[in-house]
Amino acid sequence: MSTTHIPALPHAAHGVPARLIVSLAAGAGFSVASIYYSQPMLGVISGGLGSSEQATGMVPTLTQLGYALGILLLAPLGDRFDRRRLILVKSLVLAAALTFAAIAGNLPTLLLASLLIGLMATVAQDVVPAAATLAPEAHRGAVVGKVMTGLLLGILLSRVASGLVAQTLGWRAMFGFAAGSVVVMALALARELPHMAPTTKLDYPALLRSLFGLWRGQPPLRRAVYAQGLLAVGFSAFWSTLAVMLHSRYQLGSAVAGAFGIAGAAGALAAPLAGRWADRLGSHAVARIAILIALAGFALLLLDPWLPKGAILPLLAVSAVVFDFGFQAALVSHQTLVYGLAPEARSRLNALLFTGVFLGMAAGGALGAVMLAHFGWTGVAGLAVVTAGMSFVVRRR
């Protein structure tokens, strides 16, 4: 059993000190933002390093690959070691990787730094289970929702910040600022975060093997992973094909497509609401409601062929707000559900859940491109509706 000690700080919310919740939310946000900073800066990086656009495109690819590998291979360590120590060590290595990127003199060096950034940015996936461990069971959803708000805001604001900084001060400055923000984050967590005793003594190979046992032995976990993964297919299909569709149909640039990312604010709003609802109504019920909301948002896209051209962009914006709200609310509900299954294995459960989400994202990107090429935007919308419907069927059980 864990011997977690929560420091006696003022203004506690849901049994967890308010300053600690803010520190955890900031930790999740600044760390996950690290994997998105490079995306708006690729053109500037290409010019600065004298590399081709195609080769420079490997920077975000390796960052995402590192993140996916880190979730599967590093996130389970949160059950084996003191989460506080693990979070602080990974944060400092992440800051070093960002600094390495800022001073990279050539593309191969930047690519290596990008892979390391992705691996260490998974500290976000250590912070969220830590929040679940610190929270009383009756308020776990609310606390997780608040921390997830920080994570989602990190995703939302990272691209905006990096675009502005790179345009005015250069891409190296952005990586430098990112490194500094992670150091500040680590200092705040070092001050506020209590020690958390390991919940298992398994060695690393046995820890990884235990993932299979958890998968086989927890049917609710499998349903949560399948449901959220299927929902991620439509989510990714929309966002990965939107810029191509806007360019081919309206000759609009990537800046307009990026502006639709403001719909991510709906996800940030959904997180704390979903957490509170999960505490009151139960995670299963809230997840079903959230999936139906996402399904309704995707279904709006099917109106595209019957609307005048001037109504399409507003339709896209409304649809994005609705399905993003549903997707993020379902994610928080599934996290709350999964964290309650085996408290001693929260980091491993989290790793399995997010591995499923990333697999769904990858499949959605690939399938979305195929549907757009063969069936147009209606095909993308149809894919999203079908997979969201399948997600609801899985969640009904």
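Please read all numbers here as calculations on a predicted model, not as lab measurements. (Residues numbered from 1 in each chain as written. Predicted model: local features only at pLDDT ≥ 70, side-chain atom pairs only at ≥ 80, totals over all residues. Heavy atoms only, no water.)

Let us look at the overall build of the chain. Assigned secondary structure in the chain consists of 16 helices and 2 strands. Computed over the C-alpha atoms, the radius of gyration of the chain is 20 Å, within 12% of the 21 Å expected from 2.2 N^0.38 for a compact globule of 397 residues. Projecting the C-alpha coordinates of the chain onto the three principal axes gives extents of approximately 60 × 55 × 40 Å. Considering only intrachain contacts with a sequence separation of at least 6, the fraction spanning at least 24 residues in the chain is 83%. Approximately 16,000 Å² of the chain is accessible, and the part contributed by carbon and sulfur atoms is 70%. (Helix = DSSP H or I, 4+ residues; strand = E, 2+ residues; numbered from the N terminus. Rg over C-alpha atoms; globule rule 2.2 N^0.38 Å. Contact = heavy atoms within 4.5 Å. Areas by Shrake-Rupley, 256 points an atom, 1.4 Å probe, with all protein chains shown as cover.)

According to the stated counting rule, one finds 6 salt bridges in the structure shown. Note that Asp79 is salt-bridged to Arg348, the shortest N-O span being 2.7 Å. On the criterion of sequence distance, the pair formed by Asp79 in the loop between helix H4 (58-73) and helix H5 (83-102) and Arg348 in helix H16 (residues 346-396) is long-range, its members being 269 residues apart. Under the relative-accessibility criterion, Arg348 is labelled buried at 6%. Through salt bridges that share partners, Arg19, Arg191 and Glu192 make up one connected network. (Salt bridge = Lys/Arg side-chain N within 4 Å of Asp/Glu carboxyl O. Buried < 20%, exposed > 50% of the residue type's maximum accessible area, 1.4 Å probe, protein only.)

Moving on, we get to the nonpolar core. Grouped together as the largest cluster of nonpolar side chains are 116 residues, with contacts concentrated most on Leu24, Leu110, Phe175, Leu316 and Trp377. Ignoring anything within four residues of it in the chain, the contact list for Leu316 reads Phe238, Leu242, Met245, Leu246, Phe260, Leu301 and Trp377. (Core = buried A, V, L, I, M, F, W, Y, C linked by side-chain atoms within 4.5 Å.)

It is worth spelling out the packing of helix H7 (residues 124-134) against H16 at this point. One can describe the packing of H7 onto H16 by two numbers: an axis separation of 9 Å at closest approach and a directional angle of 130°. It follows that H7 is oblique to H16 by the angle criterion. By crossing handedness, the relation of H7 to H16 is classed as right-handed. Where H7 abuts H16, its residues Gln125, Pro129, Ala132 and Thr133 lie against Arg346, Ser347, Asn350 and Phe354. Residue classes in the contact of H7 with H16 are distributed as 3 nonpolar, 4 polar and 1 charged. (Axes fitted to C-alpha atoms, helices over the stretch in contact; angles between N-to-C directions. Parallel < 35°, antiparallel > 145°, perpendicular 65-115°, else oblique. Left-handed = near helix turned anticlockwise from the far one by under 90°. Nonpolar A, V, L, I, M, F, W, Y, C, P; charged D, E, K, R; others polar.)

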